[in-house]
Amino acid sequence: MPSSDSPEIRVGLAGFGPAGSFFHAPLIAATPGLRLAAVVTRDPDRAERVRAGYPGTAVVPTVDDLWGRCDLVVIATPNRTHVPMATEALKAGLPVVVDKPLAGAAAEARDLVRLARDRGLMLTVFQNRRWDGDFLTLRRLLPELGEVHRFESRFERWRPVPKGGWRESGGPEEVGGTLYDLGSHLVDQALRLFGPVSGVYAETDVRRAGVRNDDDAFVALTHRNGTRSHLWMSAVAADLGPRFRVLGSRASYVKWGLDPQEERLRAGERPDAADFGPGGSSGAGTGWGVEAPERWGTVGAGGDTRRVPTEPGAYQRFYEGVVACLRDGAPPPVEPGGAVDTIAVLEAAALSAARGQVVALPGAEE
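Reading guide: rules and limits
- Residues numbered from 1 in each chain as written.
- Predicted model: local features only at pLDDT ≥ 70, side-chain atom pairs only at ≥ 80, totals over all residues.
- Heavy atoms only, no water.
- Axes fitted to C-alpha atoms, helices over the stretch in contact; angles between N-to-C directions.
- Helix = DSSP H or I, 4+ residues; strand = E, 2+ residues; numbered from the N terminus.
- Left-handed = near helix turned anticlockwise from the far one by under 90°.
- Contact = heavy atoms within 4.5 Å.
- Nonpolar A, V, L, I, M, F, W, Y, C, P; charged D, E, K, R; others polar.
- Phe/Tyr/Trp six-rings, centres within 6.5 Å; stacked < 30°, edge-to-face > 60°.
- Buried < 20%, exposed > 50% of the residue type's maximum accessible area, 1.4 Å probe, protein only.
- Lys NZ or Arg CZ within 6 Å of the ring centre and 35° of its normal.
- 1 Å grid on protein atoms, 1.4 Å probe; cavity = no way out; pocket = protein on both sides within 12 Å on 5 of 7 lines; lining within 4 Å.
- Points joined across faces, edges and corners; volume = space filled by probe spheres on them.
- Expected span 1.5 Å × (residues − 1).
- pLDDT = per-residue confidence, 0-100.
- Salt bridge = Lys/Arg side-chain N within 4 Å of Asp/Glu carboxyl O.
- Parallel < 35°, antiparallel > 145°, perpendicular 65-115°, else oblique.
- Pairing = 2+ DSSP bridges.

Chemist: Any chance you could break down the packing of helix 8 (residues 183-194) against helix 11 (residues 336-355) for me, citing the residues and the numbers?
Modeler: For the pair helix 8 and helix 11, the least separation of the axes is 9 Å and the interaxial angle reads 115°. Considering only the axes of helix 8 and helix 11, their crossing is right-handed. For the pair formed by helix 8 and helix 11, the contact residues are Gly183, Ser184, Val187, Asp188 and Leu191 on the first element and Asp341, Thr342, Val345 and Leu346 on the second. Tallied by class, the residues present in the contact of helix 8 with helix 11 amount to 4 nonpolar, 3 polar and 2 charged.

This is the structure in structure tokens:
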């Protein structure tokens, strides 16, 4: 655990693929109180990108090389390695951030949460989509919608030619595919909005040649409060549906298009850049995470609708929450028990798809 009088929390980042390079590294570097001290990668090109983009950051070949160099470990390696690497870090006495999904099975996730609790260490999961602008907007609008009967949520892409890599070609043992990759976000958001689930029905398919993990999936959740969540995730959607379509007893909220933060991070931008300060302009809005008016969603009923501004997205809040947890004893930005709930639903969805039937869940995980 970092000492309270240390000026910075030294961060060791395991993995510099898309998750590590586009999301974690820039957000860590943009967060006051954090310093990217070391990155684990054996890839020469990635190592060069680390040195060029983060001068002074050490490049090391194994996660074991992080133990003496950091106060916090961030795991952004392939999904199958999340549990063993997080276990090693916790046993080494270090708090841990794990990229989603936390695990492939709820039992593994529970064991990890128990280990962190027994060691008195922070364990949190990078569910960054909790800070999507459209999701924050929907949370604000829920009282206006009345009782939500159906929540429709989509992460759809058009990628008819596989990109390759472990997510598509590695097989189920990699905990890849759209269900665990994109579904981790969709299920987490549904649980945050509407609470525990009593039943899960799912359909998963492999549509493209050469792909071994599901690339097209649908999940239907029955929440205990009566809301039904219909979640689509796909790499083969030739016509993209709305990001959100939320139908309530008084009004609906419909939103098209994705939050702009991922696009900006992939373009090399960061939330601490001068262009995103007060009065700065990104070209798509004003300020980091701000969405242009033409992309706003609509609220209303029966054809009487109005456009509503999208709340600014704020992925930076995740790592600000990590600092507050480690420095001030605040709750972690994502409670690990909630991440276990998400894994339990995804595990039930995989079982449902295999059996072709609804899978009952006895209750939310602790």
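Chemist: Give a detailed account of the packing of aromatic side chains, specifying residues and quantitative values.
Modeler: A full pass over the atoms with the stated rule returns 8 aromatic pairs. Ring geometry for Phe151 versus Phe244: centroids 5.7 Å apart, planes at 35°, classification tilted. You can see Phe151 sitting in strand 7 (residues 148-156) and its partner Phe244 sitting in strand 11 (residues 244-248), a full 93 residues away along the chain. Classification of Phe151 as buried rests on a relative accessible area of 0%. Overall, the relative accessible area of 0% leaves Phe244 in the buried class. Ring geometry for Phe218 against Trp232: centres 5.2 Å apart, planes inclined by 45°, an arrangement best described as tilted. Pair noted here: Phe218 is in strand 9 (residues 216-223) and Trp232 is in strand 10 (residues 228-234), with a separation of 14 residues, a long-range link. Grouped by ring-pair contacts, the aromatic residues Phe23, Phe126, Trp131, Phe318 and Tyr319 constitute a single cluster. Between the NZ or CZ atom of Arg154 and the centre of the ring of Trp232, over which it lies, the distance is 4.0 Å. Its end group placed over the ring of Phe244, Arg243 keeps NZ or CZ at 4.2 Å from the ring centre.

Chemist: Lay out the layout of surface pockets with the relevant residues and their values.
Modeler: In this structure, the largest pocket occupies an estimated 1100 Å³ of space. Along its surface, the largest pocket is lined by 48 residues, and Gly17, Pro18, Ala19, Trp166 and Arg167 are the ones closest to its centre. Mapped onto the lining of the largest pocket, the elements with two or more residues apiece are helix 1 (18-29), helix 3 (82-91), helix 6 (166-169), helix 7 (177-181) and helix 9 (261-266). The residue inventory of the lining of the largest pocket, partitioned by class, reads 16 nonpolar, 15 polar and 17 charged.

Chemist: I'd like a rundown of helix 5 (residues 133-145), residues and numbers included.
Modeler: Residues spaced three or four apart along an α-helix face the same direction, because each turn holds 3.6 residues. If you check helix 5, its first and last C-alpha atoms are 18 Å apart, about what 13 residues at 1.5 Å a residue would give, namely 18 Å. Every buried residue of helix 5 is listed here: Gly133, Asp134, Phe135, Leu136, Thr137, Leu138, Leu141, Leu142 and Leu145. Count one or two residues on from helix 5 and you reach Gly146, which has phi positive near 85°.

Chemist: I'd like a rundown of the confidence of the model for the protein chain, residues and numbers included.
Modeler: Low pLDDT marks regions whose predicted coordinates should not be analysed in detail. Residues of the protein chain with pLDDT of at least 70 account for 94%, and the chain-wide mean is 93. In the model, residues 277-284 has pLDDT below 50 throughout and makes 12 contacts with residues more than four positions away in sequence or in other chains.

Chemist: Give a detailed account of the pattern of salt bridges, specifying residues and quantitative values.
Modeler: Tallying each qualifying case throughout the model produces 20 salt bridges. Glu152 is the salt-bridge partner of Arg245, the closest N and O atoms lying 2.9 Å from each other. Here the residue Arg245 occupies a position in strand 11, and Glu152 occupies one in strand 7, the gap between them amounting to 93 residues. Residue classification places Arg245 among the partly exposed residues on the basis of a relative accessible area of 32%. In the salt-bridge network here, residues are joined through shared partners; they are Arg150, Glu152, Arg154, Glu156 and Arg245.

Chemist: Could you give an account of empty space enclosed by the protein, naming the residues involved and the relevant values?
Modeler: Applying the stated criterion across every chain yields a total of 1 cavity of 30 Å³ or more. Taken as a whole, the largest cavity spans an internal volume of roughly 40 Å³. Along the walls of the largest cavity sit Arg129, Phe155, Glu156, Arg157, Leu182, Leu258 and Glu262, which together make up its complete lining. In terms of residue class, the lining of the largest cavity is built from 3 nonpolar, no polar and 4 charged.

Chemist: Give me the lowdown on the packing of helix 4 (residues 106-119) against helix 11, citing residues and values where you can.
Modeler: Orientation of helix 4 relative to helix 11, taken along the N-to-C sense of each, is 170°, at an axis distance of 8 Å. The angle between helix 4 and helix 11 places the two elements in the roughly antiparallel class. Of the residues in helix 11, those in contact with Ala106, Ala109, Arg110 and Val113 of helix 4 are Pro336, Val340, Ile343, Ala344 and Glu347. In terms of residue class, the contact of helix 4 with helix 11 is built from 7 nonpolar, no polar and 2 charged.

Chemist: Give me the sheet that holds strand 11: which residues, what numbers.
Modeler: Judged by pairing direction, the sheet is mixed, and its 9 strands sit side by side in the order 14-13-12-11-7-10-9-8-15 without closing on themselves. The open sheet is flanked by strand 14 (304-308) and strand 15 (359-360), the only strands paired with a single partner. With 5 bridges joining them, strand 13 (residues 297-301) and strand 14 adopt antiparallel strand pairing. If you follow Thr298 over to strand 14, its bridge partner there is Arg307. Set on the sheet, helix 8 makes contact with strand 7, strand 8 (197-205), strand 9, strand 10 and strand 11; between it and strand 7 the angle comes to about 160°.

Chemist: Help me get a handle on the sheet that holds strand 3 (residues 58-60), residues and values and all.
Modeler: Overall, parallel pairing links the 6 strands, which are arranged 3-2-1-4-5-6 in an open sheet. Each edge of the sheet is formed by a strand with only one pairing partner; in this case those strands are strand 3 and strand 6 (123-126). On average, each strand axis in the sheet is tilted by 25° relative to the strand beside it, whichever way the strands run. In terms of strand pairing, strand 5 (residues 96-99) meets strand 6 through 4 bridges, oriented parallel. Note on strand 6: the bridge partner recorded for Val96 is Leu123.

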